[in-house]
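Take a look at the letters that make up each chain.
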Amino acid sequence: MFLFFLGIIFLPLFLPEAVENSTPLNDFTRFANYAMWGLWFPLVFLSVILTGRSWCGILCPMGAASAWANKKGLQRPIPAWVRWEGTPIISFLLITVLGQTVGVRDHPEAVAEVFGGTLLLAFVLGFFYGRNKRAWCRHMCPIGLLLGVFSRIGAVQFAPKRKKPGGDRFTEKGVCPTMIDIPRKEESRHCIECFRCVNPQSKGGLFLRLRHAGEEIEQIRKHHPNPYEVVFLFLGTGIALGGFLWLVLPVYQQLRQSVGGWFIEREWYWIGESGPWWLMSVHPERREVFNWLDFGMIVTFMLGVMLILALLLTVTTGVSAWLAGRVGGDLSVSERFVELGYQYAPVAMVSLILGLGGELFAPLTQLGLSQETVGYLKAGLFLVGLVWSLYLGARILINQGVALNSLWLPLLPGVLGSCAVGLAWWPAVFGL
Ligand code: SF4
Ligand code: SF4
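First, a word on scope: everything that follows refers to the structure included in this document. Predicted, not measured: the structure shown is a model, and the values here were computed from it.

Digging into the site of ligand 1
Part 1 of the argument: Near ligand 1, the surroundings consist of R53, W55, C56, C60, M62, G63, R134, W136, C137, C141, I143 and G144.
Part 2 of the argument: Residues of the shell around ligand 1, tallied by class, amount to eight nonpolar, two polar and two charged.

Focus on the packing of aromatic side chains
The description of two aromatic rings rests on the distance between their centres and on the angle between their planes.
Part 1 of the argument: In this structure the tally under the stated criterion is 26 aromatic pairs.
Part 2 of the argument: Relative to W55, the ring of W40 has its centre 6.0 Å away and its plane inclined at 65 degrees; by these criteria the two rings are edge-to-face. Pair noted here: W40 is in helix α2 (residues 28-51) and W55 is in helix α3 (residues 54-59), with a separation of 15 residues, a long-range link. Taken as a pair, W40 and W55 share a single burial class, namely buried.
Part 3 of the argument: With centroids separated by 5.1 Å and ring planes inclined at 80 degrees, the aromatic side chains of F158 and F195 adopt a geometry described as edge-to-face. Pair noted here: F158 is in strand β1 (residues 156-160) and F195 is in the loop between β1 and β2 (206-210), with a separation of 37 residues, a long-range link.
Part 4 of the argument: Through successive ring pairs, a cluster of aromatic residues spans F5, W37, W40, F41, F45, W55, F115 and F150.

Comments concerning helix α1 (residues 2-10)
Part 1 of the argument: Where α1 is concerned, the buried positions are F5, G7, I8 and I9.
Part 2 of the argument: The inward-facing, buried residues of α1 abut α2, α4 (61-72) and α7 (108-128).

So, the nonpolar core
Part 1 of the argument: Formed by 110 residues in total, the largest nonpolar core has its most connected members in M36, F45, F115, F150, M349, L352 and W425.
Part 2 of the argument: The element that contributes the greatest number of residues to this core is helix α13 (residues 292-326), accounting for 14 residues.
Part 3 of the argument: Looking at which domains feed residues into this core, each of domain 1 (2-14 + 24-150) and domain 2 (226-430) gives three or more.
Part 4 of the argument: F150 has contacts with F45, V48, L233, A345, A348, M349 and L352, leaving out every residue within four places of it along the chain.
Part 5 of the argument: Counting residues in each nonpolar core, the second largest holds eight residues, with F158, I180, C191 and L206 among its members.

Analysis parameters
- Residues numbered from 1 in each chain as written.
- Chains lettered and ligands numbered in written order.
- Predicted model: local features only at pLDDT ≥ 70, side-chain atom pairs only at ≥ 80, totals over all residues.
- Heavy atoms only, no water.
- Near = heavy atom within 4 Å.
- Nonpolar A, V, L, I, M, F, W, Y, C, P; charged D, E, K, R; others polar.
- Phe/Tyr/Trp six-rings, centres within 6.5 Å; stacked < 30°, edge-to-face > 60°.
- Helix = DSSP H or I, 4+ residues; strand = E, 2+ residues; numbered from the N terminus.
- Buried < 20%, exposed > 50% of the residue type's maximum accessible area, 1.4 Å probe, protein only.
- Contact = heavy atoms within 4.5 Å.
- Core = buried A, V, L, I, M, F, W, Y, C linked by side-chain atoms within 4.5 Å.
- Domains from an automatic or database assignment.

This is the structure:
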């Protein structure tokens, strides 16, 4: 996988430009791009539903590089700034925005920068910090955070054979590379399924338990609910949406024109100049050259969409949590808020797959399915995500003690929130 990964991210840099109508079958650069965005991205996401973070533990070359570097490295204690729970959220936001400004979905140079840079960081962090651990995977990897949150809806759990009370804890002692206190393990999020703690002959350690998909979120109160994860779920969905919408919405172009005009009126012409290649897409040979105006607009637009969506989901979840308390829900309003925030996981996940991994569906049209049929297929998938989110919302509320006949009341804002996410991704699913 490591060699394959290096080939996919670096080989296209040394090949001639892909010709206009070449396909993944006759051009390696196109193949590499399809392998990355049409297969790897959506399939790794979908795989968490069936097998949790098996990608991380079994296949990921970046995790392997980090683990290898750690063996050879300095093995220093992991500093507090790395361990801070907000670090992977910032890392995810930075990499997603950078991915857009450098055009990671279109340019091999950008793929090499973003994925090669991430690989290098994983290596460096592994070299410096942790003792036989994967500090990168637990604390900083932007993909790991995404997979971790969604692995909570997965059908696989590694559970302690003899469970100790007290709930999940972080520990640098023991075999777990992601620093899970194994006998106290409750949540799937940090488990990369490396199997190090699984030994059928021993009385301790973990065993692989199959469960129905979504179980952990239905019972989230028993699985270490975490406000940072909810923040990430809201912000991550929003930033991914922003990264998609600036490309397709005419309003983005109108805004760009007005802002550009404002700068030109003041004779601030530097706004029309290009910046460094590592910060923005500068590819005259492919007729794409971003200037500081594009850079500023993309970043601002993405952050704006992120904040609006996050605010909307905060309001709908807040109202749900408040109403749940009025109709018999236990816990405090903030605790109910965190639990209910998880209900958006399926709808957010399906939206991400349809919006950013839409190329997965491209071969279907080549196999003879009409655009319309593929559209229905995507809509069907989206509907599954939506209904699943509603179901999870209902289960969480029932576990909070809300009576069945009053369930509809606190559930309603959740329905609105899920529908808002769906509507926001409408152009990706059905076109404009
Ligand atoms: S956390 Fe990131 S680097 Fe680590 S194994 Fe998973 S995807 Fe790879
Ligand atoms: S050691 Fe066990 S708990 Fe830790 S990541 Fe590996 S499989 Fe998961």
